[in-house]
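One letter stands for each residue in the lines below.
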Amino acid sequence: FCLMAAPGKVAAFRLPPLPTIGEIIKLFRLKALKQLSQNFLLDLRLTDKIVQQAGKLKNAHVCEVGPGPGGITRSILSAGVEQLLLIEKDSRFIPGLQMLSEAAPGKVRIVHGDILTYKMEKAFPKHLKKSWEDEPPNIHIIGNLPFSVSTPLIIKWLENVSKRDGPFIYGRTQMTLTFQKEVGERLTANPGSKQRSRLSVMAQHLCTVENCFVIPGEAFVPKPEVDVAVVHFTPLVQPKIQQPFELVEKVVQSVFQFRRKYCFRGVETLFPENGRLKRTEQLMMTANVDPTLRPFQLSMSQFRSLCNAYRKMCDEDPSLFVFNYREELRQKKMKRRLLGSTGQLEQTEEENQL
């Protein structure tokens with residue numbers, strides 16, 4: 001294929017005629033790898049729709065995560081972006097992406113690497129930086145993420161939002177990403193919803209999260225067993241819980257340890273066995289949270305109160321923050337084995353659930 005960009009600068013960027021995504025897949029003998037949970041989106045109307053959720057991209061700087069055979073990549077380029085950074089871990093896709101790069105001279109930069117380790121602090125030009133209080137910068141992250149990396153990646157980026165580093169060193173960078181439908185529902189679930197989870201609280205305390213639309217599984221090749229949600233994130237100027245990310249994550253994770261039980265049961269896991277009950281009561285009373293609520297019933301303001309009260313207790317006793325409930329269980333288990341007690345092979349209900 002001889003691909004030439006149109007000579008001279010034109011008002012609206014248009015990609016020259018290219019082989020279809022299906023033809024690219026055949027040409028480079030690309031096959032979705034199940035172990036990498038890869039699924040290709042071939043319908044360019046759907047890739048256009050995903051890109052539209054990002055907002056106005058004309059003259060924007062965009063990072064696409066895991067472009068694969070380049071369906072969404074074409075839609076991003078057609079939106080008239082200034083620069084497009086592609087981060088692709090799988091080397092099999094690089095030749096097809098280079099073909100797209102040649103079709104859009106000077107617009108595309110390809111990085112063969114892993115998004116989980118790539119340093120996003122240097123991904124975009126410095127002049128694009130905006131103050132956190134300003135409107136979001138003209139920078140966007142877009143990606144049809146493999147299911148295996150979507151949750152760890154969004155947790156990593158939420159931590160970056162909290163610390164204003166990584167891709168958020170430039171300001172309140174917006175993200176438009178795909179997730180399994182169930183994960184998309186968790187990210188946007190309200191208090192009281194059965195989908196409400198640790199992910200809901202962590203995402204919503206730091207960002208405005210919108211579940212844009214759902215793509216049916218049959219639109220992908222190979223067809224996944226689930227439908228796919230497109231979710232848009234805009235970091236908030238002020239997080240809803242004004243505490244360090246690690247502290248908020250520890251409290252929220254503990255509360256949701258036993259999601260079907262009363263919330264005080266999870267709160268107990270924040271404290272060592274010695275004095276656990278007394279400290280749990282103290283925390284619940286200080287935070288003014290009903291201990292008989294289920295974790296998914298707690299509002300954002302109740303989580304804020306729990307985090308603030310826990311922070312106060314940690315300031316008074318710094319050993320609290322480094323306490324690890326799972327480690328305590330592990331030590332108890334080892335002790336039982338060493339003592340050769342009759343119950344050495346039995347597990348407590350807590351150990352089973354954890």
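Residues numbered from 1 in each chain as written. Predicted model: local features only at pLDDT ≥ 70, side-chain atom pairs only at ≥ 80, totals over all residues. Heavy atoms only, no water.

By the naming in an unreviewed UniProt entry, the chain goes by rRNA adenine N(6)-methyltransferase and is assigned to Alaudala cheleensis. The Sequence similarities (unreviewed entry) field of the UniProt record for the chain holds the comment "Belongs to the class I-like SAM-binding methyltransferase superfamily. rRNA adenine N(6)-methyltransferase family. KsgA subfamily." (UniProt positions renumbered as here; feature names shortened; annotations may be inferred.)

A. Inspection of the overall build of the chain at higher detail. Secondary structure assignment for the chain yields 14 helices and nine strands. Across the 354 residues that make up the chain, the buried fraction comes to 49%. At a minimum sequence separation of 6, the contacts of the chain that also span at least 24 residues come to 69%. Accessible area of the chain: about 17800 Å², with a carbon and sulfur share of 51%. (Helix = DSSP H or I, 4+ residues; strand = E, 2+ residues; numbered from the N terminus. Buried < 20%, exposed > 50% of the residue type's maximum accessible area, 1.4 Å probe, protein only. Contact = heavy atoms within 4.5 Å. Areas by Shrake-Rupley, 256 points an atom, 1.4 Å probe, with all protein chains shown as cover.)

B. The packing of aromatic side chains, seen in detail. This model, assessed by the stated rule, comprises five aromatic pairs. Taking the centre distance of 6.3 Å and the plane angle of 70° together, the rings of Phe-271 and Tyr-310 count as edge-to-face. Here Phe-271, found in the loop between helix H9 (263–267) and helix H10 (276–287), pairs with Tyr-310, found in helix H11 (residues 300–316); they are 39 residues apart in sequence, far enough to count as distant. A relative accessible area of 0% means that Phe-271 is categorised as buried. Look at Tyr-310 and you get buried, because its relative accessible area is 0%. When the ring centre of Phe-93 is taken as reference, the NZ or CZ atom of Arg-92 above it lies at 5.2 Å. In this arrangement the basic side chain of Lys-250 is found over the ring face of Phe-321, its NZ or CZ atom lying 5.2 Å from the centre. (Phe/Tyr/Trp six-rings, centres within 6.5 Å; stacked < 30°, edge-to-face > 60°. Lys NZ or Arg CZ within 6 Å of the ring centre and 35° of its normal.)

C. Local environment of the pairing of strand E3 (residues 83–88). Within E3, five of the six residues are buried, leaving the element largely enclosed by the surrounding structure. Pairing geometry for strand E2 (residues 61–65) and E3, over five bridges, is parallel. Paired with Val-65 across the two strands is Ile-87, which belongs to E3. Of the strand pairs in this sheet, E3 and strand E4 (residues 108–112) are connected by five bridges, and their pairing is parallel. Within E4, the position partnered with Leu-85 by the bridge is Arg-109. Tracing the backbone out of E3, into helix H4 (residues 94–103) and back to the parallel element E4 gives a crossover that is right-handed. (Pairing = 2+ DSSP bridges. Right-handed = clockwise from strand over helix to strand, strands pointing away.)

D. Structural detail: the environment of Val-230. Within the fold, Val-230 resides in strand E9 (residues 228–235). Residues Val-230 and Asn-144, 86 residues apart in the sequence, show an inter-C-alpha distance of 8.6 Å. Residues contacting Val-230, with those up to four places away along its chain left out, are Ile-50, Gln-53, Thr-176, Leu-177, Thr-178, Glu-210, Asn-211, Cys-212, Phe-213 and Ile-215.

E. Structural view of the sheet that holds E4. With mixed pairing, the seven strands of this open sheet are ordered in space as E4-E3-E2-E5-E6-E9-E7. Each of the sheet's edge strands pairs with one partner strand only, and the pair in question is E4 and strand E7 (207–215). Each strand of the sheet is rotated relative to its neighbour by a mean of 20°, with strand direction disregarded. Two elements, E2 and strand E5 (residues 139–143), share five bridges in a ladder whose sense is parallel. The residue of E5 that forms the bridge with His-61 is Ile-139. Of the strands in this sheet, E2, E5, strand E6 (174–180), E7 and E9 are in contact with helix H5 (residues 147–163), which crosses E6 at around 150°. Sheet strands in contact with helix H6 (residues 181–188) are E6, E7 and E9, and its direction is about 130° off that of E6. (Axes fitted to C-alpha atoms, helices over the stretch in contact; angles between N-to-C directions.)

F. Seen up close, unusual backbone geometry. Here the phi dihedral of Asn-59 falls at roughly 65°; this positive angle occurs in a residue that is not glycine. Relative to the helices and strands, Asn-59 is located in the loop between helix H2 (44–53) and E2. Taking the relative accessible area as the measure of exposure, Asn-59 reaches 44% and is therefore partly exposed. A positive phi angle is found at Asn-288, which is not glycine, with a value near 55°.

G. Representation of the UniProt feature "binding site: S-adenosyl-L-methionine" (unreviewed entry) in the chain. Per the UniProt annotation, the sites labelled "binding site: S-adenosyl-L-methionine" (unreviewed entry) are Asn-39, Leu-41, Gly-66, Glu-88, Asp-114 and Asn-144. By the element assignment, Gly-66 lies in the loop between E2 and helix H3 (71–78). Residue class for Gly-66 comes out partly exposed when judged on its relative accessible area of 27%. Setting aside its immediate chain neighbours within four residues, Gly-66 contacts Ile-87, Glu-88 and Asn-144.

H. Seen up close, H5. In a regular helix each residue adds 1.5 Å, so 17 residues correspond to 24 Å; H5 covers 25 Å between its end C-alpha atoms and thus fits that length. Residues of H5 that are buried: Phe-147, Ser-150, Leu-153, Ile-154, Ile-155, Trp-157, Leu-158, Asn-160 and Val-161. Downstream of H5 by a residue or two, Arg-164 has a phi angle that is positive, lying close to 55°. (Expected span 1.5 Å × (residues − 1).)

I. Representation of the pattern of salt bridges in the model. In the structure shown here, the tally under the stated rule is 13 salt bridges. Here Lys-163 and Glu-246 are joined by a salt bridge, their closest N and O atoms 2.6 Å apart. Of the two residues, Lys-163 is situated in helix H5 and Glu-246 in helix H8 (residues 245–255); the sequence distance between them amounts to 83 residues. Among the residues examined, Lys-163 registers a relative accessible area of 40% and is labelled partly exposed. Taking the relative accessible area as the measure of exposure, Glu-246 reaches 35% and is therefore partly exposed. In this structure, Glu-182 engages Arg-186 in a salt bridge whose closest nitrogen and oxygen atoms are separated by 2.5 Å. You can see Glu-182 and its partner Arg-186 sitting in helix H6, four residues apart, about one turn around the helix. Through salt bridges that share partners, Glu-159, Lys-163 and Glu-246 make up one connected network. (Salt bridge = Lys/Arg side-chain N within 4 Å of Asp/Glu carboxyl O.)

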